[in-house]
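Take a look at the letters that make up each chain.
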Amino acid sequence: WREILGSPYESARTIRADDLDVLVDLTIYNGPASEAEILAHRVAPIQISHMGFPTTCGCPPLIDYLVCDKITIPYHLRQYYSERLLYMPNCFFVNSHRFLPTNGMNDSYFREVPRGEIGLPEDGFIFCAHHRSDKLDPRTFRSWLQALTRVPASYLWVLTAGEEMEQNLRAIASGEFGLEENRLIFCKKVPRSDHLLRLRLADLFLDTPAYNAHTTGCDSLVNGIPMVSLLRLHVVPTNENDVDTEKMPSRVGASFLRTLDLNELIATDMAEYEDIMVRCATDAQWYNNVKERLRINRFASPLFDTDRWMKTWEAGLKDVVAKDDITDTLHIVER
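The structure presented is a predicted model; accordingly, all values stated were derived computationally and were not measured. (Residues numbered from 1 in each chain as written. Predicted model: local features only at pLDDT ≥ 70, side-chain atom pairs only at ≥ 80, totals over all residues. Heavy atoms only, no water.)

1. Looking at helix α2 (residues 33–40)
Stage number 1. Residues of α2 that are buried: E35, A36, I38 and L39. Axial view of α2: buried residues confined to an arc of 155 degrees, hence all on one face.
Stage number 2. Where α2 is buried, its residues contact α1 (8–17), β1 (22–25) and β2 (46–49).
Stage number 3. Just past α2, the residue R42 takes up positive phi, approximately 50 degrees. (Buried < 20%, exposed > 50% of the residue type's maximum accessible area, 1.4 Å probe, protein only. Helix = DSSP H or I, 4+ residues; strand = E, 2+ residues; numbered from the N terminus. Arc of directions from axis to C-beta. Contact = heavy atoms within 4.5 Å.)

2. A short note on the layout of surface pockets
Stage number 1. Within this model, the largest pocket holds a volume of roughly 630 Å³.
Stage number 2. The wall of the largest pocket is formed by 26 residues, among which R192, H214, T215, T216 and D219 lie closest to the centre.
Stage number 3. Those elements giving two or more residues to the lining of the largest pocket turn out to be α5 (192–199) and α6 (215–222).
Stage number 4. Per-element tally for the lining of the largest pocket: the top contributor is α6, with 4 residues.
Stage number 5. Of the residues that constitute the lining of the largest pocket, the class distribution is 10 nonpolar, 10 polar and 6 charged.
Stage number 6. Lining of the second largest pocket is provided by 16 residues; of these, I4, I15, L20, L23 and V24 occupy positions nearest its centre.
Stage number 7. Its residues assigned to classes, the lining of the second largest pocket shows 11 nonpolar, 1 polar and 4 charged. (1 Å grid on protein atoms, 1.4 Å probe; cavity = no way out; pocket = protein on both sides within 12 Å on 5 of 7 lines; lining within 4 Å. Points joined across faces, edges and corners; volume = space filled by probe spheres on them. Nonpolar A, V, L, I, M, F, W, Y, C, P; charged D, E, K, R; others polar.)

3. Considerations on the nonpolar core
Stage number 1. If you look at the biggest cluster of nonpolar residues, it comprises 90 residues, and the most contacted ones within it are L145 and L156.
Stage number 2. Counting residues per element, this core draws most heavily on helix α8 (residues 270–282), which supplies 6 residues.
Stage number 3. Ignoring any residue separated from it by four or fewer positions in sequence, one finds L145 in contact with L156, I172, A173, F177, L179 and L184.
Stage number 4. One finds I28, A44, C57 and L62 within the second-largest nonpolar core, a separate group that totals 13 residues. (Core = buried A, V, L, I, M, F, W, Y, C linked by side-chain atoms within 4.5 Å.)

4. Thoughts on the pattern of salt bridges
Stage number 1. If you walk through the whole model with that rule in mind, you get 13 salt bridges.
Stage number 2. A salt bridge links R42 to D64; the shortest N-O distance between them is 2.8 Å. Residue R42 is found in the loop between α2 and β2, and its partner D64 is found in the loop between β2 and β3 (65–68); the two are separated by 22 residues along the sequence.
Stage number 3. A salt bridge links R293 to E264; the nearest nitrogen and oxygen atoms lie 2.2 Å apart. With a gap of 29 residues between them, R293 in helix α9 (residues 284–300) and E264 in the loop between α7 (252–259) and β10 (266–267) connect regions that are remote in the sequence.
Stage number 4. Taking the relative accessible area as the measure of exposure, R293 reaches 23% and is therefore partly exposed. (Salt bridge = Lys/Arg side-chain N within 4 Å of Asp/Glu carboxyl O.)

Keep in mind these numbers describe shape, not what the thing actually does.
Structure, rendered in structure tokens:
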């Protein structure tokens with residue numbers, strides 16, 4: 001490790017002196033402003049963006065390649081990205097769940113927690129939406145509430161952003177849908193180990209179409225909790241209240257689910273999304289089959305096989321460096 005200190009100019013000079021072949025940036029605009037300035041100094045022959053800013057930077061001099069997959073950036077969306085595209089053979093997203101004691105696959109690590117201990121009803125179906133509040137849009141929230149009206153013994157478990165948020169959402173639930181106050185359950189942020197422990201008490205994780213669950217989505221799936229996600233089929237919604245999924249951060253959930261071979265949990269519109277929610281809560285045989293497939297598939301899927309991902313990634317970087325010139329699109333072959 002090398003600690004980089006000083007001004008962006010001094011940092012750029014330090015990095016350039018290390019004579020890198022490739023620099024992989026994990027945040028761009030999501031990090032300190034100095035980070036983009038360092039990249040602007042062209043500190044490596046090839047500069048790659050991965051994960052932390054899941055869209056185009058819009059500035060070709062900063063980034064040569066953006067890491068993606070065929071779901072997150074399909075061919076028909078190519079024109080909206082200033083970077084050259086570096087396609088991973090499966091999901092572009094990498095995680096370290098398999099190497100952590102709290103990896104979700106190790107059931108013996110987790111103690112049994114009664115639902116009542118964390119404020120959940122002992123009986124009923126729990127729809128879980130542990131997202132930042134800015135990911136939640138009005139159309140999606142109302143679809144969730146509509147599903148609650150179709151499944152009497154069901155509850156929506158939401159990560160709170162404060163008292164004002166809770167009051168506003170409860171007002172919509174009661175005023176527009178006639179739902180009792182106890183149908184919405186709010187929880188606060190907790191340490192990661194506690195987050196993973198309580199997440200296992202949910203029945204279905206609800207993805208947010210405007211900006212999908214990335215790390216939290218992986219947390220849900222690795223713990224064997226199915227997730228429903230929206231992916232419109234090459235359609236820009238005509239209703240101004242509907243969310244457009246023709247952008248990378250809105251397609252990550254679908255990439256997770258396809259990598260796990262759980263395509264039936266990918267909805268093509270909000271009506272289907274709502275129907276999937278209801279089916280999970282009312283068709284026990286279908287739901288249990290999906291959950292069992294997830295339980296089995298997570299062990300073999302590339303989504304949670306970090307070693308497999310890394311071998312492919314490292315070989316792909318060598319391919320990038322070996323190119324005589326920077327190619328517009330490069331498909332990494334799985335190793």
